[in-house]
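Reading the structure
Listed here are the chains, written in short residue letters.
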Amino acid sequence: PGDGAGHFSGPAINGFVGSTRGPGTRLYGGEFDLGLGTATGVEQCVNAAWDCTTEVTAYASLRGRVGYTPDPTSFYYGFAGVAAANANLMTFDTIGGIEYPGEEQVQGYVLGLGYETIMDELPGRLRMEVAHYKFDATDFTNDVTYQQVELDMTTFGFGMVFSF
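One structure accompanies this document, and this report is about it.

Each value, and the rule that gives it
Residues numbered from 1 in each chain as written. Predicted model: local features only at pLDDT ≥ 70, side-chain atom pairs only at ≥ 80, totals over all residues. Heavy atoms only, no water. Helix = DSSP H or I, 4+ residues; strand = E, 2+ residues; numbered from the N terminus. Buried < 20%, exposed > 50% of the residue type's maximum accessible area, 1.4 Å probe, protein only. Contact = heavy atoms within 4.5 Å. Patch = residues over 30% accessible without salt bridge, like charges linked within 9 Å, V, L, I, M, F, W, Y side chains within 5 Å. Areas by Shrake-Rupley, 256 points an atom, 1.4 Å probe, with all protein chains shown as cover. Salt bridge = Lys/Arg side-chain N within 4 Å of Asp/Glu carboxyl O. Polar contact = N/O pair within 3.5 Å; in protein donor to acceptor, adjacent residues only side chain to side chain. Pairing = 2+ DSSP bridges.

Of the regular secondary structure elements, the chain holds 0 helices and 8 strands. Moving toward the C terminus, one meets the helices and strands of the chain in the order β-β-β-β-β-β-β-β. With the C-alpha coordinates aligned to their principal axes, the bounding extent of the chain is approximately 60 × 30 × 25 Å. Looking at the chain as a whole, 37% of its 164 residues qualify as buried. Restricting the contact set of the chain to residue pairs at least 6 apart, pairs at least 24 apart contribute 60%.

Below you can see the structure in the form of structure tokens.
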């Protein structure tokens, strides 16, 4: 609802369930990913006396993966899929001290790249990935209706993968 220059930041914890298969060095699969946390961004609203805060508290994606394994210890992959998030848009009257909350479920897509490797000293595979989420423009009703608010975010992940 401001000028669109705001940025999100904040921690999240992710988990996923998926499967990867394939012949030889080419692999494919799918996974469901769920992230919980609080990524927050603040910027000035169109009305200079107000601050607008946007918060993503949960996000999920169902995505397909395709990749290449050049050796038995490495896996490079790309992914794409559908995504959804719980987004809160809060407006705050800096003069009157009144906050107006608004919450929406937003849908969109996710694109990303990743790398997994086996390290002998670790019990699983080390995973690093970057994912860009782009959500459909949505109307939020707070102090007024903010029309077609666009929301997108990029996440950087680092973790462990356990197979069973």
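As a further point, take a nonpolar patch on the surface. A cluster of nonpolar side chains, namely Ile-13, Phe-32, Leu-34, Leu-36, Leu-62 and Val-82, defines an oily patch on the protein surface of about 580 Å² accessible area. No other element matches strand β2 (residues 26-44), which puts 3 residues into the nonpolar patch. Structurally, Ile-13 can be placed in strand β1 (residues 12-21).

On the secondary structure map, Thr-69 appears in strand β3 (residues 50-71). Here Thr-69 falls in the buried class, since its relative accessible area comes to 15%. A distance of 2.5 Å separates the side chain of Thr-69 from the backbone oxygen of Ser-74, its partner in a polar contact. Apart from residues lying up to four places away in sequence, Thr-69 is in contact with Gly-24, Thr-25, Leu-27, Ser-74 and Phe-75.

Below, the discussion takes up the pairing of strand β6 (residues 103-118). Side chains on a regular strand alternate between the two faces of the sheet. Where strand β4 (residues 74-93) and β6 come together, 15 bridges link them in antiparallel fashion. Pairing of Tyr-76 across the sheet is with Tyr-115, part of β6. Here β6 pairs with strand β7 (residues 125-141) via 11 bridges, running antiparallel. From the neighbouring strand, Thr-117 faces β7, where its bridge partner is Leu-126.

Turning our attention to the environment of Tyr-68. Within the fold, Tyr-68 resides in strand β3. Under the relative-accessibility criterion, Tyr-68 is labelled partly exposed at 43%. Separated by 88 residues in sequence, Tyr-68 and Phe-156 place their C-alpha atoms 21 Å apart. With residues up to four places along the chain from it excluded, the contact list for Tyr-68 reads Thr-25, Ser-74, Phe-75 and Tyr-76.

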